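Chain by chain, the residues:
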Amino acid sequence: MGKVGIITRGVPKLIDPLPGGRHLIDGIEFIVSWARANSLWPLVYGTACCAMEMMSTGGSRHDWARFGVEVARATPRQADLIVLAGTIVEKMSRPLVTLYQQMPGPKYVIAMGSCAISGGPFIYDSYSVVKGGGRLIPVDVYIPGCPPRPEALLYGIMQLQKIIRTEGRRNPWQVKEPYQVPVADSFSAARTAWAVAELQPLRSPSVQAIKPTRLVRPEYPEVSRQAVKNQGLSGQAILSLIQKTFPAVRPVGPDGLLTDALAAPDSPADLLVPTGSYCDLVNFLKNEPALGMDFLQWITAVDWPDRFDVVSRFLSTSKGHAVVVRTAVDRDEMVLPSLTPLFPAASWHEREVYDLFGIRFTGHPDLRRLFLDDDFPGHPLRKDFRDESRVMARPY
Ligand code: SF4
């Protein structure tokens, strides 16, 4: 027990037995807990849309300083409240736990919004969203909503202040455990239970069940989409230019299958290039003066039943035309040469493809995971990815 502990726990024991001693200590405790409740210093942990409402709560219209919530900072130093406002992804979970551990006690946690409570709209089919901040650190007050309004956050703060005001030597603040239960699909279970309950006959024959009338699904006329036209060279002109040097390059239709002609000759061409010519073709796109495609816009991948396609889009910033290039990657090999020697910006795109699909890029200078933790099991955008401890299947 440190010096402060000796004073706060030892002195009341000495004074309590004295005449009126209990009242004196109770009075001091009341003032101390009142002061603590009304001088909360929050560490803000705003990760998504709910953070906007939290910022609004701190702004002049709602002004949480009126409730003693002051000095909102992005540091655990001297903070005694952490407001979880937004979606918590797995990669942020360890920093969150570290921040909580760095806060001096007594410390409190408010989980604001569905995401911070349970994963919210991302509870199903998500491999990366933590199903509630309470699984990581102990939450004192939950504020429902998506997002909750500032008034709700202020109400939650007032509820927390009530909790703090009840604390003292008879009800000391204690380190609580986080809510550690396996990820379980309680919503589907509840749905099934309701479906079964609805089939049961009503107990009283005088009670008539209400039959909901279903709304007729409105029919909307189909909206025809105009293909975006290429500036500069048309897709057909780019294809002809490429096929002179790379005759094996073929256009791909909107259904992802090979075709003989471009579906929209004016629009950016979507081309399949043999894996062996991939880097040479990109080099050609960049350095052929008539094409001048000097900007790599993105690289992603598609998981087909028999292969992966690595898809990238290139743009000519001077002429304005663009082209989409696909190349197939064998499911057994999953290796492709890196485009980083040609476009340094490919580095992050290829790391993303590696992280989410497991495709390796030879010659990449730093092929590490990008979004997920290094020890994340598997590559979650592959269709064969399964992890029941993280992913709850959508029940409908
Ligand atoms: S609860 Fe709704 S508003 Fe809040 S972070 Fe999640 S999705 Fe955004």
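A quick note: this is a predicted structure, and the numbers were derived from the prediction, not measured. (Residues numbered from 1 in each chain as written. Predicted model: local features only at pLDDT ≥ 70, side-chain atom pairs only at ≥ 80, totals over all residues.)

1. Thoughts on the overall build of the chain
Counting secondary structure elements, the chain contains ten helices and eleven strands. Since a compact globule built from 396 residues should have a radius of gyration of about 21 Å, the 30 Å found for the chain marks it as more spread out than a globular shape. Considered along the principal axes of its C-alpha atoms, the chain spans approximately 105 × 70 × 45 Å. Residues counted as buried form 28% of the 396 residues belonging to the chain. (Helix = DSSP H or I, 4+ residues; strand = E, 2+ residues; numbered from the N terminus. Rg over C-alpha atoms; globule rule 2.2 N^0.38 Å. Buried ≥ 20, exposed ≤ 12 C-beta atoms within 10 Å, placed from the backbone.)

2. Thoughts on the confidence of the model for the chain
Averaged over every residue, the pLDDT of the chain is 88; residues scoring 70 or more account for 95%. Averaged over each element, pLDDT in the chain is lowest for helix α1 (residues 3–15) (67) and highest for strand β4 (residues 141–143) (97). (pLDDT = per-residue confidence, 0-100.)

3. Thoughts on the domain arrangement of the chain
Accessible area lost upon the coming together of the parts serves often as the stated size of an interface. Structurally, the chain comprises domain 1 (38–165) and domain 2 (235–362). Computed from C-alpha atoms alone, the centre-to-centre distance between domain 1 and domain 2 is 44 Å. (Domains from an automatic or database assignment.)

4. Some thoughts on the pairing of strand β3 (residues 108–112)
Most of β3 is tucked away: five of the five residues are buried. The alternating pattern of β3 places Tyr108, Ile110 and Met112 and Val109 and Ala111 on opposite faces, both of which are buried. When strand β2 (residues 81–85) meets β3, the two strands line up parallel, connected through five bridges. Within β3, the position partnered with Ile82 by the bridge is Val109. What joins β2 to β3 is helix α4 (residues 93–102), and the crossover it makes is right-handed. (Pairing = 2+ DSSP bridges. Right-handed = clockwise from strand over helix to strand, strands pointing away.)

5. A look at the site of the ligand
Around the ligand, the neighbouring residues are Ala48, Cys49, Cys50, Gly86, Thr87, Gly113, Ser114, Cys115, Gly120, Pro121, Cys146 and Pro147. Here the shell around the ligand is composed, by residue class, of seven nonpolar, five polar and no charged. (Near = placed C-beta within 6 Å. Nonpolar A, V, L, I, M, F, W, Y, C, P; charged D, E, K, R; others polar.)

6. Some points on the sheet that holds strand β5 (residues 250–251)
Pairing is mixed in the open sheet, where five strands are placed in the order β5-β6-β9-β8-β7. The open sheet terminates on both sides in strands that have one partner only, identified here as β5 and β7 (295–303). When β5 meets strand β6 (residues 269–272), the two strands line up antiparallel, connected through two bridges. Bridging from a neighbouring strand, Arg250 pairs with Leu272 of β6. Sheet strands touched by helix α10 (residues 346–357): β7 and β8 (307–315). Its angle to β7, the strand with the most contacts, is close to 10°. (Contact = placed C-beta atoms within 7 Å. Axes fitted to C-alpha atoms, helices over the stretch in contact; angles between N-to-C directions.)

7. What to know about the sheet that holds strand β1 (residues 42–46)
The parallel open sheet is built from four strands, whose spatial order is β1-β2-β3-β4. Among the strands making up the open sheet, the edge pair consists of β1 and β4. Between one strand and the next, the sheet's axes are offset by a mean angle of 15°, whatever the strand orientation. Here helix α3 (residues 50–58) sits on the sheet in contact with β1, β2 and β3, set at roughly 135° to β2.

8. Regarding unusual backbone geometry
Here the residue pair Gly105 and Pro106 is connected by a cis peptide bond, since its omega of -5° sits within 30 degrees of zero. Its location among the elements puts Pro106 in the loop between α4 and β3. The omega angle of the peptide bond from Cys146 to Pro147 is -5°, so this bond is cis rather than trans. With respect to the element layout, Pro147 can be found in the loop between β4 and α6 (150–165). With phi around 60°, Gln78 is a residue other than glycine that occupies positive phi space. Within the secondary structure, Gln78 sits in the loop between α3 and β2.

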